[in-house]
Amino acid sequence: MRAVAVSAFGEQPQLMDLPQPEPGPGEVLVRLSAAGVNPIDWKIAEGVFGDAVPAAFPLVMGADGAGEVLAIGTGVRRFTVGDAVFGQFQRTERGGGSYAELALADEAAIAPAARSVTYATSAAVPTAGTTAYNLVEETRVSEGRRVLIVGATGGVGTFTTQLAAGRGAEVIATARATQSELMRNLGAAETVDHTVGPVADQVLAAHPDGVDVLIDLASGPAEFSAMTRTVRDGGTAVSTIGSADADALTEHNLRGFNFVNRPSPQLLEILAGQVDSGRLTVLVGREVLLEEAPEAIAAQRKGRTQGKTVLTI
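Conventions and cut-offs
- Residues numbered from 1 in each chain as written.
- Predicted model: local features only at pLDDT ≥ 70, side-chain atom pairs only at ≥ 80, totals over all residues.
- Heavy atoms only, no water.
- Pairing = 2+ DSSP bridges.
- Helix = DSSP H or I, 4+ residues; strand = E, 2+ residues; numbered from the N terminus.
- Salt bridge = Lys/Arg side-chain N within 4 Å of Asp/Glu carboxyl O.
- Buried < 20%, exposed > 50% of the residue type's maximum accessible area, 1.4 Å probe, protein only.
- Axes fitted to C-alpha atoms, helices over the stretch in contact; angles between N-to-C directions.
- Contact = heavy atoms within 4.5 Å.

This brings us to the sheet that holds strand β1 (residues 2-6). One open sheet accounts for three strands, arranged β2-β1-β4; its pairing is antiparallel. Every interior strand has two partners, whereas the edge strands, β2 (14-17) and β4 (59-60), have only one. Note: β1 against β2, four bridges, orientation antiparallel. Bridge pairing in β2 places Val4 opposite Leu15.

Below is the structure:
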């Protein structure tokens, strides 16, 4: 089978011809039609996480994918051959990933795909969608709460904006002027252009009483600390990239933490249902062929992409 993989941490991704995997107990073999591209994909391939991520090589890149069940292992109860599914296929310890024609997944890592959209659209959902859903859950976003989302125009940000607005929250999203209309269409009550001045100053000028929740998808530690000035006494501040100092936030009477995602098949089913009902819009910015993955990854690393990039297989 064709797959995009690295031969060692830090090596350049290459299109390779690898053996077809076979499903073991509790495993599902999927013929993938599309794979979603996420920053975590190239970070794992670079070896950014060191020994925390055990890996076998060649290591097929990618977590997110969607396609049709080709075979099932013993003990699988939720799926049969021919089912349309989506979910997460990254299995670094066995060299498996979604940038491939065929991929294995644990039965608990996938769910029935949304019926109303293409496989390419479904493949853009798993990591970003489950992250966004868990973010609004763990920050207790609810009706009437004011939420500032920093880094709102990315994959996680666009989902978080929609899910928070869907719960009745007043969403303030960071976005360039050219993306303001898009974010408002996704449910943001207002936008703040981070290119024209400090976001915290702009937010406090418009809302001197601050926000209830800060969801920061982009800021480093110093920038995140400055951003917490916008949060009301007793409010919540969360970073998805490890920038929060929980002790320092507690000293300022803020609830804060570094977010760790916990996906589940039940959550994937909820997201598929919201896509089918029209309550969740999936923004696919670019579709490229599997063999173009190395170039697509390079573009993403340089910040030259908008919306989700999806590989079509």
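The next thing to look at is the pattern of salt bridges. What the rule picks out here adds up to 14 salt bridges. As a salt-bridge pair, Arg2 and Glu291 come within 3.0 Å of each other at their nearest N and O atoms. One end of the pair, Arg2, is in strand β1; the other, Glu291, is in the loop between β15 (284-289) and α10 (293-301), and 289 residues separate them in sequence. Residue Glu291 is classed as partly exposed on the basis of its relative accessible area of 35%. Ionic pairing is found between Glu170 and Arg146, a salt bridge with its closest N-O pair at 3.3 Å.

With that settled, the discussion passes to the sheet that holds strand β14 (residues 255-258). Pairing in this open sheet of six strands is parallel, and the strands run β11-β10-β9-β12-β13-β14 from one edge to the other. Whereas interior strands pair on both sides, the edge strands pair on one side only; in this sheet they are β11 (190-192) and β14. If you compare each strand with its neighbour and ignore which way they point, the axes differ by 15° on average. Both strand β13 (residues 231-239) and β14 contribute to a ladder of four bridges, which runs parallel. For Val238, the partnering residue across the bridge sits in β14 and is Phe257. Here helix α4 (residues 155-166) sits on the sheet in contact with β9 (146-150), β10 (170-174) and β12 (211-216), set at roughly 165° to β10.

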